[in-house]
Amino acid sequence: HLQQYQVAAGFPPQHTSYRSSTIEGAFVGGGRRMMTDNHATTSLAPFPHPTSRFSLRVIASATFLFAAALTMFFGVSIGGTISAQSPSMQIRMPTLNGPRTRVGLRQNQIKRIGRLLRRSSVGGEMPEPAPAEDVKYSPFGAGVAHFPEGWNLPDARATYEDSAFDSHMLGIFMKGMAREMEQELPENITYEDFIKLCFASIQGKGPGDQTEASLKVLRSFLPPGPGKTMFVGMFPENKLTYELFAKVTETGFEWLVGPMETQETTDNNAKTPMASKVKIKKCRWLQESACTGMCINLCKRPTEAFFRDNFGVTMTINPNYEDKSCEFCFGLTPPPPEEDPAYKFPCHPRCSSASTVLGAEKPCHKVAPES
């Protein structure tokens, strides 16, 4: 089926070679899911890491180091160390049994997927395949992201070499997520296990409950007691604040989503040029989860609410579901859900429920308002 809708989308087969692996037993809202991840392997070329304003980088680095120290102190002291977890503490993901182990796509649905993949989020045509790149990220450039040829196309996949810092921060976040969502922490701290933990944590939850659970996880890393609201009013809504938060986001969260850079933009309420937009080159979390609903319910909505309610800072997240890039626009008020393009996108083609939802090109059912 992947080959069929690739042909329908008009992708030249010589650009990528695929091997498929299956992640089974992922449940959302009690529904059965099976996702197939496509791995592309190509030659790689160096990519220069972008520079930025020195003063903002110094302030952002100091702020992040302070925040990281608080995070590591509270994250480790409350729940113990990750290495102390019992090997028996594993997520028991259900397996697919019975006759329906594959999802068939009818010919007309394959054509619809082809048309969907040829469109970009702004309604344009699919871009030309981008050349292969290696991008260093993480503190001191210790992590490396490998982007294959054509990485900007829908089914291309980046691969990652995590640094020790990346793995440590991921472990702290996974431990906090497992604690707040009452899930068992996996024995291995890997990104694949992190995605499984995400799926396990939303089983049986509707869109609103998923958002509240994710917001609870984010707030659990703030200092206890007055720390939940102590930052509100501390940062005035102005250019310096937006640029500072953009630089802190770029510096402090590449371990979660992959390489990103701060860009000059007028995408803010004041329509004033400022370096307040953070562009994620290819969101690792969106690539691995391949779920429109999880992007909205576990990332976009709770993150926007987190910055607004806990820091008093306005921001909007604009995901691109085709090439898996994303933009964090500080100083920009998010539109209502009924006007936000992110809420109107169908299920991802690699999502098992796409066989029923994508055929009508309706918005993903997992982000629909709860009745």
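Above this text is the structure in question.
Residues numbered from 1 in each chain as written. Predicted model: local features only at pLDDT ≥ 70, side-chain atom pairs only at ≥ 80, totals over all residues. Heavy atoms only, no water.

A.B. asks: Would you mind going over the sheet that holds strand S4 (residues 143-147) with me for this structure?
C.D. replies: Strand pairing in a sheet relies on backbone hydrogen bonds, with the paired strands running either antiparallel or parallel. Spatial strand order, S3-S4-S5: three strands in an open sheet with antiparallel pairing. Taken across any chain shown, the strands that pair with only one partner, and hence form the sheet edges, are strand S3 (133-137) and strand S5 (159-161). Between one strand axis and the next, the sheet turns through 20 degrees on average, direction left out of account. Where S3 and S4 come together, five bridges link them in antiparallel fashion. Counted as the bridge partner of Asp134 is His146 from S4. (Pairing = 2+ DSSP bridges. Helix = DSSP H or I, 4+ residues; strand = E, 2+ residues; numbered from the N terminus. Axes fitted to C-alpha atoms, helices over the stretch in contact; angles between N-to-C directions.)

A.B. asks: Just to check I follow, could you spell out the nonpolar core for this structure?
C.D. replies: Within soluble globular proteins, side chains that are nonpolar tend to cluster in buried spots. Met177, Phe194, Trp285, Met294, Phe311, Phe328 and Phe330 are the most contacted members of the largest nonpolar core, which has 57 residues in total. At eight residues, helix H10 (residues 292-311) tops the list of elements feeding residues into this core. (Core = buried A, V, L, I, M, F, W, Y, C linked by side-chain atoms within 4.5 Å. Buried < 20%, exposed > 50% of the residue type's maximum accessible area, 1.4 Å probe, protein only.)

A.B. asks: Sorry, what's going on with the pattern of salt bridges here?
C.D. replies: In a structure, side chains of opposite charge can pair up when their charged atoms sit close to one another. Applying the stated criterion to the full structure yields 13 salt bridges. Two residues, Glu288 and Arg157, come together in a salt bridge whose shortest N-O distance is 2.8 Å. Of this pair, Glu288 sits in helix H9 (residues 284-289) while Arg157 sits in the loop between S4 and S5; the two residues are 131 residues apart in sequence, bridging distant segments of the chain. For Lys216, the salt bridge goes to Glu180, with nearest N and O atoms at 3.9 Å. Taken together, the residues span a long stretch of sequence, with Lys216 in helix H6 (residues 207-219) and Glu180 in helix H4 (residues 164-180) at a distance of 36 residues. Overlapping salt bridges bring together Arg179, Glu180 and Lys216 as one network. (Salt bridge = Lys/Arg side-chain N within 4 Å of Asp/Glu carboxyl O.)

A.B. asks: Explain the sheet that holds strand S6 (residues 260-265) here, please?
C.D. replies: As summarised here, the arrangement of the four strands in space is S6-S7-S9-S8, forming an open sheet in which the pairing is antiparallel. If you trace the sheet from one side to the other, it starts and ends with S6 and strand S8 (315-319), each paired once. Put simply, the sheet's adjacent strands are angled 25 degrees from each other on average, direction ignored. Relative to strand S7 (residues 274-280), S6 runs antiparallel, the two being bridged by five bridges. Directly across from Met260, in S7, lies its bridge partner Ile280. Across the sheet, helix H7 (residues 239-252) lies against S6, S7 and strand S9 (326-330), angled at about 25 degrees from S7, the strand it touches most. (Contact = heavy atoms within 4.5 Å.)

A.B. asks: What exactly am I supposed to notice about the packing of H4 against helix H5 (residues 191-201) here?
C.D. replies: Think of two packed helices as two axes; the pair is described by the angle between the axes and how far apart they sit. Relative to each other, H4 and H5 sit at 20 degrees, their axes nearing to 11 Å. Here H5 runs roughly parallel to H4, going by the angle between their axes. Between H4 and H5 lies a crossing whose hand is left-handed. Between H4, through Leu170, Phe173, Met174, Met177 and Ala178, and H5, the contact on the second element is made entirely by Tyr191, Asp193, Phe194, Leu197, Cys198 and Ser201. Taken together, the residues of the contact of H4 with H5 break down into nine nonpolar, one polar and one charged. (Parallel < 35°, antiparallel > 145°, perpendicular 65-115°, else oblique. Left-handed = near helix turned anticlockwise from the far one by under 90°. Nonpolar A, V, L, I, M, F, W, Y, C, P; charged D, E, K, R; others polar.)

A.B. asks: How do you make sense of H6 when you look at a structure like this?
C.D. replies: Spacing of three or four residues puts side chains on the same side of an α-helix, whose turn is 3.6 residues. Taking 1.5 Å of rise per residue, the 13 residues of H6 would be expected to cover 18 Å, and the 19 Å separating its terminal C-alpha atoms lies within 8% of that figure. Among the residues making up H6, those that are buried are Pro207, Gln210, Thr211, Ala213, Ser214, Leu215 and Val217. (Expected span 1.5 Å × (residues − 1).)

A.B. asks: How should H7 be read in this particular structure?
C.D. replies: With 14 residues, H7 ought to run about 20 Å at 1.5 Å a step, and its terminal C-alpha atoms sit 20 Å apart, in line with that. Counting buried positions along H7 gives eleven out of 14 residues, so the element sits mostly inside the fold. Turning to H7, its buried residues number three or more, namely Thr241, Tyr242, Glu243, Leu244, Phe245, Ala246, Lys247, Val248, Thr249, Glu250 and Gly252. Structurally, the start of H7 carries an N-cap: the backbone nitrogen of Leu240 is 3.3 Å from a side-chain oxygen of Asn238. (Polar contact = N/O pair within 3.5 Å; in protein donor to acceptor, adjacent residues only side chain to side chain.)

A.B. asks: Quick question: what am I supposed to make of unusual backbone geometry here?
C.D. replies: Note on backbone geometry: most residues besides glycine have negative phi, and most peptide bonds are trans. Of note, the phi angle at Ser138 is positive, near 70 degrees, even though the residue is not glycine. Residue position: Ser138 is located in the loop between S3 and S4. On the basis of relative accessibility, which here comes to 11%, the residue Ser138 falls in the buried class. In the Ramachandran plot, Phe140 falls in the positive-phi region, its phi being about 65 degrees despite a non-glycine side chain. Summarising the element assignment, Phe140 is placed in the loop between S3 and S4. Residue classification places Phe140 among the exposed residues on the basis of a relative accessible area of 89%.

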